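Structural overview for review
Listed below are the residues making up each chain.
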Amino acid sequence: MLNEEIIRKAPKVELHEHLDGSVRPSTVIELAREKGMALPSQDPEELAAWFSRGSEEKSLSLYLKSFEITTALMQDKESLRRIAREEVEDLAKDGVVYAEIRFAPILHTKEGLTMDEVVTAVLEGMQEGRRETGMQFGLILSAMRDQSPEISLRTAELAVAYSERGVVGFDLAGDEAGNPPKKHIKAFEFIRAQNFNITIHAGEAFGLESIWQAIQICGAHRIGHGTHLTDDMTIKDGKITKMGSLAHFVLDKRIPLEMCLTSNVGTGAAESYAEHPFPLFFRNHFRVFLSTDNRLMSGTSLTKEFMIATKEYDLDIRDMEKITINAMKSAFIHHEKRLHIIYDVIKKGYADLREEYGLS
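Since the model is a prediction, treat every value here as computed from it, not as a measurement.

Quick notes on the rules
- Residues numbered from 1 in each chain as written.
- Predicted model: local features only at pLDDT ≥ 70, side-chain atom pairs only at ≥ 80, totals over all residues.
- Heavy atoms only, no water.
- Helix = DSSP H or I, 4+ residues; strand = E, 2+ residues; numbered from the N terminus.
- Buried < 20%, exposed > 50% of the residue type's maximum accessible area, 1.4 Å probe, protein only.
- Axes fitted to C-alpha atoms, helices over the stretch in contact; angles between N-to-C directions.
- Left-handed = near helix turned anticlockwise from the far one by under 90°.
- Contact = heavy atoms within 4.5 Å.
- Parallel < 35°, antiparallel > 145°, perpendicular 65-115°, else oblique.
- Nonpolar A, V, L, I, M, F, W, Y, C, P; charged D, E, K, R; others polar.
- Salt bridge = Lys/Arg side-chain N within 4 Å of Asp/Glu carboxyl O.
- Pairing = 2+ DSSP bridges.
- Patch = residues over 30% accessible without salt bridge, like charges linked within 9 Å, V, L, I, M, F, W, Y side chains within 5 Å.
- Areas by Shrake-Rupley, 256 points an atom, 1.4 Å probe, with all protein chains shown as cover.
- Lys, Arg positive; Asp, Glu negative; His and termini not counted.
- Charge placed at Lys NZ, Arg CZ, Asp CG, Glu CD.
- Phe/Tyr/Trp six-rings, centres within 6.5 Å; stacked < 30°, edge-to-face > 60°.
- Polar contact = N/O pair within 3.5 Å; in protein donor to acceptor, adjacent residues only side chain to side chain.

Notes on unusual backbone geometry
Negative phi is the rule for most residues except glycine; trans is the rule for most peptide bonds. The phi torsion at H225 lies on the positive side, around 80 degrees, for a residue other than glycine. Structurally, H225 can be placed in strand 6 (residues 222-225). Exposure remark for H225: the relative accessible area of 0% places this residue in the buried category. The phi dihedral of D237 is positive, around 55 degrees, even though this residue is not glycine.

A closer look at the packing of helix 7 (residues 77-93) against helix 8 (residues 115-133)
The geometry of helix 7 relative to helix 8 is characterised by a closest axis approach of 7 Å and an angle of 35 degrees between their N-to-C directions. Handedness of the helix 7/helix 8 crossing: right-handed. For the pair helix 7 and helix 8, contact is made by K77, L80, R81, A84, R85, V88, E89 and A92 and by E117, V118, A121, V122, E124, G125, M126, E128, G129, R130, E132 and T133, respectively.

With respect to the packing of helix 2 (residues 25-35) against helix 7
Interaxial distance between helix 2 and helix 7 falls to 12 Å at its minimum, and their mutual angle equals 175 degrees. Considered as vectors, helix 2 and helix 7 are oriented roughly antiparallel to each other. Residue-level inspection shows T27, E30, L31 and K35 of helix 2 in contact with helix 7, the latter providing S79, R82, I83 and E86. Residue composition of the contact of helix 2 with helix 7, by class: 2 nonpolar, 2 polar and 4 charged.

Notes on the pattern of salt bridges
Summed over all chains, the structure comprises 25 salt bridges. Measuring nitrogen to oxygen at the nearest pair gives 3.6 Å for the salt bridge that ties R24 to E86. With R24 in the loop between strand 1 (12-18) and helix 2 and E86 in helix 7, this residue pair connects regions lying 62 residues apart in the sequence. According to the relative accessible area criterion, R24 is partly exposed, its value standing at 24%. Among the ionic pairs, E78 bridges to R81, the shortest N-O distance being 3.1 Å. Taken as a pair, E78 and R81 lie in helix 7 at a separation of 3 residues, close to a single helical turn.

Looking at the pairing of strand 1
Where burial is concerned, most of strand 1 is hidden: 7 out of the 7 residues are buried. As judged from the 5 bridges shared by strand 1 and strand 2 (residues 96-103), these two strands associate in the parallel manner. By the bridge assignment, E14 is partnered in strand 2 with A99.

A word on a positive patch on the surface
Together, R254, R318, K322, K329 and K347 make up a positively charged patch on the protein surface. Of all the elements, helix 17 (residues 317-329) adds the most residues to the positive patch, at 3 residues. Mapping K322 onto the fold places it in helix 17.

Topic: the packing of aromatic side chains
A full pass over the atoms with the stated rule returns 6 aromatic pairs. Measuring from ring centre to ring centre gives 5.5 Å for F170 and F188, while their planes differ by 65 degrees; the resulting arrangement is edge-to-face. Separated by 18 residues along the polypeptide, F170 in strand 4 (residues 167-173) and F188 in helix 10 (residues 185-193) bring together distant segments of the chain. Overall, F188 belongs to the buried group, its relative accessible area being 0%. Geometrically, the ring pair formed by F278 and Y313 is tilted, given 5.9 Å between the ring centres and 45 degrees between the ring planes. Linking F278 in helix 14 (residues 278-283) with Y313 in helix 16 (residues 302-313), this pair joins segments that are 35 residues apart in sequence.

Side note on the side chain of S66
Position of S66 among the secondary structure elements: in the loop between helix 5 (60-65) and helix 6 (67-72). A polar contact is formed between the side chain of S66 and the backbone oxygen of L62, at a distance of 3.2 Å. Not counting chain neighbours up to four residues away, the residues in contact with S66 comprise W50, F51, R53 and M297.

Here is the structure:
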């Protein structure tokens, strides 16, 4: 039986977490005090509850509004460095051995920083965290669907320019409705021509067309969320009886789906944990894994996500190891580095856990 202690100790891989959605409440309070910004509470626990109220109330507008505070506090180099360093520290404390963190540099240029300065500060902070914890990381630069294609192209060019310093991929995030990924096709064409990595938020708040465009038009190597892929399936008594061409393509080509249980339930992408498609995808051999999305806004951690999955979907230690290896196989670092973490860190860590706790 998996419990919180075992899950926290287990090696984990985080591939879908937003920097501005995972700030420590105590850090928010300190930075807001320095900037003279009013907050709903000066108590870290009360403030954490305030940030996660959108998720608790299943209000997407409240969920998204909370980012106005965190991004406002992330407009100078030192704040960016600190928050990035603390994120690595927090992930390592939660048993994460490799993480890919994403953020949109353009959102942090409102007080005069250039996008280059923003990326440099975040990388410096994450490197400080790595030196302190030993946790490996990659940084993903996000473009926003509702911004101009020119900004997306600049972000893509920046991602490739920093590929030797820790940036491992390019992402498209934001409201799917009315903002199709093909609008940003120049950015994706540039990334593909540079043999670089693409992940796209798709099929979270919109249907199959969003996922299809992300994969077939924009060339996504991973899909963020993808809960609406079930729209291309016939499901009876909890089992897939028929799949359309897109679902088959995702399964056959092993396109990874970055699944975020608490976030999806909190934003309405899934009605409940019981109705979330993760167990359906996992039991039918899609390459899925668990992520947090926004630890602050969803009031979660990767340990909590696995605890939810263990309770709701009856996962065992073998399932948890497979999900973690699914994630590491899907990481945007080079093949030999992925193999090193899989065999020397993840598999060894699970073998040690089995021996320590007498797990079969």
